[in-house]
Amino acid sequence: MNTLFCIGKNYSFKPLQKYSICYAQSLFGEIQCTWFLDSLNDTNCLKNLNYAIESSQNLLILAKDSVLNEILEYFKKYSFSTPIFKKTHHTLAFKNCNIILQESPKITQFRDADNTFLYLLGFDCQSALTLLNPLAKAYQIQLQILQETCGIEILHAKALSHKSLDNFLQEMQQTFQNKIFASSNLAQSIIQLLANSKQKITTAESCTGGLVAYYLTKESGASEVFEGGIISYANAIKESWLKVSNNNLISYGAVSEAVVREMLEGALNLSGADFAIATSGVAGPTGGSVSKPVGTIFIGVKSKNGEEIINRVLFSGDRNYIQEQSCLYAYLLFLKLFFKTIDF
C-alpha cells in the first residue's frame, strides 16, 4: 500500500490536498491511503503514523521542517534505519516500509520538468478547462484544478514528457496570449519579466509582514528588479514613511482601499520603482469586526504611470494561510497590471 501522511493546518485547504496527492502519485503511483492532520500533537497522530508505517510499502510524510525534525527524533527511539538526507528530503526504512520525509510543498513552486502551474488571468477554471482540453488532449497533458476560490484560479498541468509540455505551452500562449500565465516558480517568473523589460518593483506590506518581498528575494536575480520594500505594520510607520494621511486612517481604518492606495503611492515615491504592491488586512485569528472580519485583505498594485488595481478579498483559514494567499493574490494582480501596461 502507498500512503500519504500530511501534517499541518494548511492541509484543510482542498487544492493543497489535491496537489499533495498528485505529488505523492508522481513518486509512488496510485495512493491507497491519505491522512491530513493539523498537528503532531493531535489525538492519535502518532498512533495513526505507526499504523501507516506498519501497513505501507511506501510512505510520504509532508510537514514543516520543525515537525519533520520531531518525527525524526521519534523514529530514533525505534529500530529505523539511519535517515539519509537527499538535498530536499530524508529517506529511511522500517521493516518493509520505505519512508520519505519532505517539507510541505508551496503552491507557488514546483520544479518538476514535466509539471507546471497555469495561472488564469482572464478566465475562471471551468472556462479554461473547456477551452484548453482539446489542446491538452492533443499533447497528452493532464489538467487538474488546483484552486478556484477568492479570485485565485490555478490549474496544474502534468505532461508525459518535457517536450510535450513545452509544445503545449507554446501553442497555449499563441492562442490565449497573457490571459493564462504558465510558471513552475511564480516569483522567479515575475523577476524574469521585470528584468526583460528593465523594470523594477517595490512593496509596501502590512498584514503580510514582508512575505511578498521575501518570496521575491529568495530567488536569484531579485537584486536586478527589487531594491527594497517597506513593512508598515504600525499606523505610525504608514504615516511617517509612506505618507499615508492620518485622516484616512481615522476615517476608513488601516484596512481600507484608501489607505492601500496611499501605501502604493508612498512606496513608488520612496523607491522610484516602476511598480508597487501593497497589502493591508486582518490576518487573524483576532482583530476582525462585523464590517471587516478575519481574512479581509485589501491588495493593490500600481505602476509609476498611474494605472492601479485595488481589490478587497476575503480569505478563510489560519493566519499563515491567509498571509500566503494574500501574497499569491498580490503576484497575480501584479501580472494583470504588468501585461496591461507593458507593450512587448
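Residues numbered from 1 in each chain as written. Predicted model: local features only at pLDDT ≥ 70, side-chain atom pairs only at ≥ 80, totals over all residues. Heavy atoms only, no water.

Draft legend 1. A look at the pattern of salt bridges. Enumeration according to the criterion identifies 7 salt bridges in this entry. Here the salt bridges do not stand alone but share partners, grouping Glu257, Arg261, Glu265, Lys302 and Glu308 into one network. (Salt bridge = Lys/Arg side-chain N within 4 Å of Asp/Glu carboxyl O.)

Draft legend 2. Spatial organisation of the packing of helix α6 (residues 186-196) against helix α12 (residues 319-341). As a packed pair, α6 and α12 sit with axes 11 Å apart at the nearest point and diverge in direction by 25°. Looking at the two axes, α6 sits roughly parallel to α12. The chirality of how α6 crosses α12 is left-handed. Contact with α6, carried on its side by Leu186, Ile190, Leu193 and Leu194, involves Leu328, Tyr331, Leu332, Phe334, Leu335, Phe338 and Phe339 of α12 and no other residues of that element. Among the residues forming the contact of α6 with α12, the class breakdown is 11 nonpolar, no polar and no charged. (Axes fitted to C-alpha atoms, helices over the stretch in contact; angles between N-to-C directions. Helix = DSSP H or I, 4+ residues; strand = E, 2+ residues; numbered from the N terminus. Parallel < 35°, antiparallel > 145°, perpendicular 65-115°, else oblique. Left-handed = near helix turned anticlockwise from the far one by under 90°. Contact = heavy atoms within 4.5 Å. Nonpolar A, V, L, I, M, F, W, Y, C, P; charged D, E, K, R; others polar.)

Draft legend 3. The arrangement of the sheet that holds strand β10 (residues 180-183) in detail. Strand order across the open sheet formed by 4 strands is β8-β9-β7-β10, with antiparallel pairing between neighbours. The open sheet has two free edges, formed respectively by β8 (141-149) and β10, since each of these has just one partner strand. Averaged over neighbouring strand pairs, the angle between their axes works out to 25° when direction is ignored. When strand β7 (residues 115-120) meets β10, the two strands line up antiparallel, connected through 4 bridges. Counted as the bridge partner of leucine 120 is isoleucine 180 from β10. (Pairing = 2+ DSSP bridges.)

Draft legend 4. Quick look at the side chain of serine 197. Within the secondary structure, serine 197 is located in the loop between α6 and β11 (201-205). Residue classification places serine 197 among the buried positions, given a relative accessible area of 18%. At a separation of 3.0 Å, a polar atom in the side chain of serine 197 contacts the main-chain carbonyl oxygen of leucine 193. (Buried < 20%, exposed > 50% of the residue type's maximum accessible area, 1.4 Å probe, protein only. Polar contact = N/O pair within 3.5 Å; in protein donor to acceptor, adjacent residues only side chain to side chain.)

Draft legend 5. Region of the structure containing the packing of aromatic side chains. Scanning the entire structure with this criterion turns up 12 aromatic pairs. Between the aromatic rings of phenylalanine 5 and tryptophan 35, the centroid separation amounts to 5.9 Å while the plane-to-plane angle is 35°, which identifies the pairing as tilted. Note that phenylalanine 5 is positioned in strand β1 (residues 2-7) and tryptophan 35 in strand β2 (residues 33-37), a separation of 30 residues in sequence. With a centroid separation of 5.8 Å and an interplanar angle of 50°, the aromatic rings of phenylalanine 275 and phenylalanine 338 are classed as tilted. One end of the pair, phenylalanine 275, is in strand β13 (residues 275-281); the other, phenylalanine 338, is in helix α12, with 63 residues separating them in the sequence. The buried category is assigned to phenylalanine 275, whose relative accessible area is 2%. One aromatic cluster is present, built from ring pairs that chain together Phe181, Phe275, Phe334, Phe338 and Phe339. (Phe/Tyr/Trp six-rings, centres within 6.5 Å; stacked < 30°, edge-to-face > 60°.)

Draft legend 6. Geometry of the UniProt feature "domain: CinA C-terminal" (unreviewed entry) in the protein chain. As annotated in UniProt, the feature "domain: CinA C-terminal" (unreviewed entry) corresponds to residues 185-336 in the numbering used here. Taken end to end, residues 185-336 comprises 46% helix and 22% strand; its first and last C-alpha atoms sit 17 Å apart. (UniProt positions renumbered as here; feature names shortened; annotations may be inferred.)

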